[in-house]
Amino acid sequence: MSKTLIFGHKNPDTDTICSAIAYADLKTKLGLEVEAVRLGEVNGETQYALDTFKTAAPRLVETVASEASNVILVDHNERQQSASDIDKVRVVEVIDHHRIANFETSHPLYYRCEPVGCTATILNKMYKENGIAIDSNIAGLMLSAIISDSLLFKSPTCTPEDVAAARELAAIAGVNADTYGLEMLKAGADLSQKTVAQLITIDAKEFTMGSSKVEIAQVNAVDVNDVLSRQAEVEAALNQIIADKGLDLFVFVVTDILNNDSVAIALGSKAAAVETAYNVKLDDNKAVLKGVVSRKSQIVPVLTETLSK
C-alpha cells in the first residue's frame, strides 16, 4: 500500500474536491504516487466546475485504511469531518485554511494552514514554490474552489491573496472569473431537484464547541424561500439527525448569494446559543443573520465562543 490518498472532508464542497485533484496533480508531477479520492457525493456547483474543465470526479471511498497506510488531508483537519477510520492511517500532510481542532498525530508531519479564504490559494503558491506550471483545466478547478469559498470574492474570509490567485488562475484557464463564477454559483444554488435529505447534507460539518456537539449545514440559494417553504420537512429531518448523533445543536444555514445574508434554522437543546451569539430572536426556530455568509469566520468562531462560556 505505497500509494498515498489525498482527500478533503465529508460532504465535500468545491474546494475539497478541486483541491484534492489539484494537489494530487502537483504531487504526481513531483514524482509521487498519489490518488485524489472523495468522502461523499459531488454537489451541483462542483459538478458544474468539473464539467466545464473536463475533469472526472475523484473516486468515492467509504474508508481509507484498507487502501493506504499514508494519507494527505486537504481543506480540513478535524477528525470528525474526515474518513471514519482516519485513526488507522498515518496523516503525513495537511493543507488547510480552517481552525485546528481535535487533531493530533503520533508522528511529525508537514502541516500548512494559512488564514486565507481557500485551500486552492495555498496550492497556487505551492505550484510556484516547486516550479511546476499549472495546466489549464487544473487552474480552472482551483479558480472554481476560490470562487466557491469566497462567494465570488464577497465573503469576509476572502483575502487579497485569494483575489490575486483567482485572477492568475482565470488567465491560465482562459475564462472570465466574474462571469464564470456567477454561472457556477447559480448552478450550485439550484435547489429545485434536491430532496430534504440532500439539502441538509450537501455541505454539513460536525464540530465540538466547548462541551457541546454541534453540526452546521449550509446551502446557497438565489431565493431562500425555495428552502424555507419546506421548513417542516427540514425540521423533521434535522430532529432525527440530532437524535441519531446525540447533537446539542444543529444549525441549518440558507445563504442568499445575491443579498449576502443568511437565514438560520436552529434546533436542539442549545438552540438559544444562536440567539445569544447573534443578538437575534428565533421565531419559528429561525432567524435572519444579516451579512452572515461564512461558516468558517462568521458562524463557527461565534458559536464556539458562546458555547464555551
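Below you will find a few notes about this structure. (Residues numbered from 1 in each chain as written. Predicted model: local features only at pLDDT ≥ 70, side-chain atom pairs only at ≥ 80, totals over all residues. Heavy atoms only, no water.)

**Brief notes about helix 1 (residues 14–29)**
For helix 1, which comprises 16 residues, the first-to-last C-alpha distance of 22 Å matches the rise-based estimate of 22 Å (1.5 Å per residue) to within 8%. Taken across its 16 residues, helix 1 has 14 buried, putting it largely inside the fold. Of the residues one or two after helix 1, Gly31 is the one with positive phi, at around 90°. (Helix = DSSP H or I, 4+ residues; strand = E, 2+ residues; numbered from the N terminus. Expected span 1.5 Å × (residues − 1). Buried < 20%, exposed > 50% of the residue type's maximum accessible area, 1.4 Å probe, protein only.)

**Concerning the state of the cysteines**
Summed over the entire model, instances satisfying the criterion amount to zero disulfides. Sulfur of Cys118: no disulfide; nearest cysteine sulfur belongs to Cys18 and is 8.6 Å away. There is no disulfide at Cys158, and the cysteine sulfur nearest it, in Cys118, is 9.4 Å away. Its relative accessible area of 17% is what places Cys158 among the buried residues. (Disulfide = S-S within 2.5 Å.)

**Focus: the sheet that holds strand 3 (residues 59–60)**
Pairing within the open sheet is parallel, and its six strands lie in the order 3-2-1-4-5-6. Looking at the sheet topology across the chains shown, the edges are occupied by strand 3 and strand 6 (110–113). Two strands pair when backbone bridges link them, and strand 1 (residues 4–7) and strand 2 (residues 34–38) are joined in this way by three bridges, in the parallel orientation. Bridge pairing links Thr4 to Val34 in strand 2. Strands strand 1, strand 2, strand 4 (70–74) and strand 5 (90–96) of the sheet are contacted by helix 1, whose axis makes an angle of about 175° with strand 2. The strands touched by helix 3 (residues 119–129) are strand 4, strand 5 and strand 6; relative to strand 5, the strand with the most contacts, the crossing angle is about 105°. (Pairing = 2+ DSSP bridges. Contact = heavy atoms within 4.5 Å. Axes fitted to C-alpha atoms, helices over the stretch in contact; angles between N-to-C directions.)

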